[in-house]
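A look at the structure
Each chain is listed here by its residues.
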Amino acid sequence: MDLKKFIRDIPDFPKEGIIFKDITPLLKDAEAFNEAIDRIIEQYRDTEFDYIVGIEARGFLIGAPMAIKMGKGFIPIRKPGKLPAEIISKDYDLEYGSNKIEIHRDAISPGDKVLIIDDLLATGGTIAAAVELVEELGGQVTGIGFLYELSELNGRELLEGHNVFSLMKE
Ligand code: AMP
């Protein structure tokens, strides 16, 4: 199945000059959604990990089904002010602006191995911040996975030394 057919380009969203990769057609198609999740899972058959960490919000849509199918727990990284217990946070730059992400301080214990999952790799700022949060808590990132990668933005350069996989690229 050609999964790229289910990713729609929306020009000038959320700002002029950005081509937004809309994954909602893929989520809506039961077969395509399931196949996308299974193909990402396939990459991590031999990777050791205890939890999947997903990044709000679209990272939840990929990471949570993976966690259920792989029999692992799910840990959310969220936007500011959403997590109720004690948090640590990190500021970072986006392709279109800047932001902050947070994780519960007790979500990860030293030595825990995690896969970090998000929908899309652009400049890499978001995922690099997520890696820092996990490592600050003593976690070990054994894999980083995306549904889609915008290769020309070179986000991978921020992730050197990590095991990075993208299901689709352009
Ligand atoms: P970055 O930190 O630049 O790698 O941006 C990645 C985050 O921003 C991901 O969580 C994406 O959901 C979102 N994002 C950035 N650029 C785009 C884009 N062109 N289309 C869709 N989502 C994007």
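From a predicted model like this one, the values you see are computed outputs, not experimental measurements. (Residues numbered from 1 in each chain as written. Predicted model: local features only at pLDDT ≥ 70, side-chain atom pairs only at ≥ 80, totals over all residues. Heavy atoms only, no water.)

A short note on the sheet that holds strand β3 (residues 51-55)
Across the sheet, 5 strands lie side by side as β4-β3-β7-β8-β9; this open sheet has parallel pairing. Looking along the sheet, the strands with just one partner apiece sit at the ends: β4 (73-77) and β9 (164-169). In this sheet, adjacent strand axes meet at a mean angle of 20° when their direction is disregarded. Helix α2 (residues 30-43) contacts β8 (140-149) and β9 of the sheet and is inclined by roughly 150° relative to β9. Of the strands in this sheet, β3, β4, β7 (113-121) and β8 touch helix α3 (residues 58-70), which is tilted by about 140° from β7. (Pairing = 2+ DSSP bridges. Helix = DSSP H or I, 4+ residues; strand = E, 2+ residues; numbered from the N terminus. Axes fitted to C-alpha atoms, helices over the stretch in contact; angles between N-to-C directions. Contact = heavy atoms within 4.5 Å.)

A short note on the nonpolar core
Judged by nonpolar contacts, the single largest core of 26 residues is most densely connected at Leu26, Ile40, Ile52, Met66, Leu147, Leu167 and Met168. At the level of secondary structure, the elements contributing two or more residues to this core comprise α2, α3, β7, β8 and β9. With 5 residues, α2 is the largest single contributor of residues to this core. Counting residues in hydrophobic clusters, the runner-up holds 24 residues, among them Tyr92, Ile103, Val114 and Leu137. (Core = buried A, V, L, I, M, F, W, Y, C linked by side-chain atoms within 4.5 Å. Buried < 20%, exposed > 50% of the residue type's maximum accessible area, 1.4 Å probe, protein only.)

Side note on α3
Helix length check: α3, at 13 residues, gives a terminal C-alpha distance of 19 Å against a target of 18 Å (1.5 Å per residue), a fit within 8%. Among the residues making up α3, those that are buried are Gly59, Ile62, Gly63, Met66, Ala67 and Met70. Buried residues of α3, seen end-on, are gathered within an arc of 125° and therefore sit on one face of the element. (Expected span 1.5 Å × (residues − 1). Arc of directions from axis to C-beta.)

Examining the pattern of salt bridges
For the coordinates displayed, the defined rule picks out 13 salt bridges. Notably, a salt bridge pairs lysine 21 with aspartate 9, separated by 2.5 Å at the nearest N-O pair. With a gap of 12 residues between them, lysine 21 in strand β2 (residues 19-22) and aspartate 9 in strand β1 (residues 8-11) connect regions that are remote in the sequence. Classification of lysine 21 by relative accessible area gives buried; the value is 6%. (Salt bridge = Lys/Arg side-chain N within 4 Å of Asp/Glu carboxyl O.)

Some remarks on the packing of α2 against α3
The geometry of α2 relative to α3 is characterised by a closest axis approach of 10 Å and an angle of 70° between their N-to-C directions. With respect to α3, the axis of α2 lies roughly perpendicular. The handedness of the crossing between α2 and α3 comes out as right-handed. Here Phe33, Asn34, Ile37, Asp38, Ile40 and Ile41 of α2 lie close against α3, whose contacting residues are Leu61, Ile62, Pro65, Met66, Lys69 and Met70. Partitioning the contact of α2 with α3 into residue classes produces 9 nonpolar, 1 polar and 2 charged. (Parallel < 35°, antiparallel > 145°, perpendicular 65-115°, else oblique. Left-handed = near helix turned anticlockwise from the far one by under 90°. Nonpolar A, V, L, I, M, F, W, Y, C, P; charged D, E, K, R; others polar.)

Details of the packing of aromatic side chains
Scanning the entire structure with this criterion turns up 3 aromatic pairs. Both rings, one in phenylalanine 60 and one in phenylalanine 74, keep their centres 5.6 Å apart while their planes meet at 90°; by these two values the pair is edge-to-face. One end of the pair, phenylalanine 60, is in helix α3; the other, phenylalanine 74, is in strand β4, with 14 residues separating them in the sequence. Of the residues examined, phenylalanine 74 reaches a relative accessible area of 29% and is grouped as partly exposed. Its guanidinium or amino end placed over the ring of phenylalanine 49, lysine 72 lies 5.0 Å from that ring's centre, counting from NZ or CZ. (Phe/Tyr/Trp six-rings, centres within 6.5 Å; stacked < 30°, edge-to-face > 60°. Lys NZ or Arg CZ within 6 Å of the ring centre and 35° of its normal.)

Some points on the confidence of the model for the chain
Low-pLDDT stretches of the model should not have their predicted coordinates read in fine detail. When the pLDDT values of the chain are averaged, the result is 96; 99% of them are 70 or greater. Taken element by element, the chain is modelled with least confidence in strand β5 (residues 87-94), mean pLDDT 91, and with most confidence in β4, mean pLDDT 99. (pLDDT = per-residue confidence, 0-100.)

Thoughts on unusual backbone geometry
The step from phenylalanine 13 to proline 14 runs through a cis peptide bond, and the omega angle for that step is -5°. Here the amide bond leading from glutamate 56 into alanine 57 is cis, since omega sits at -10°, within 30 degrees of zero. Tracing the backbone through its elements, the reader meets alanine 57 in the loop between β3 and α3. Phi is positive for aspartate 12, close to 60°, though the residue is something other than glycine. Within the secondary structure layout, aspartate 12 lies in the loop between β1 and β2.

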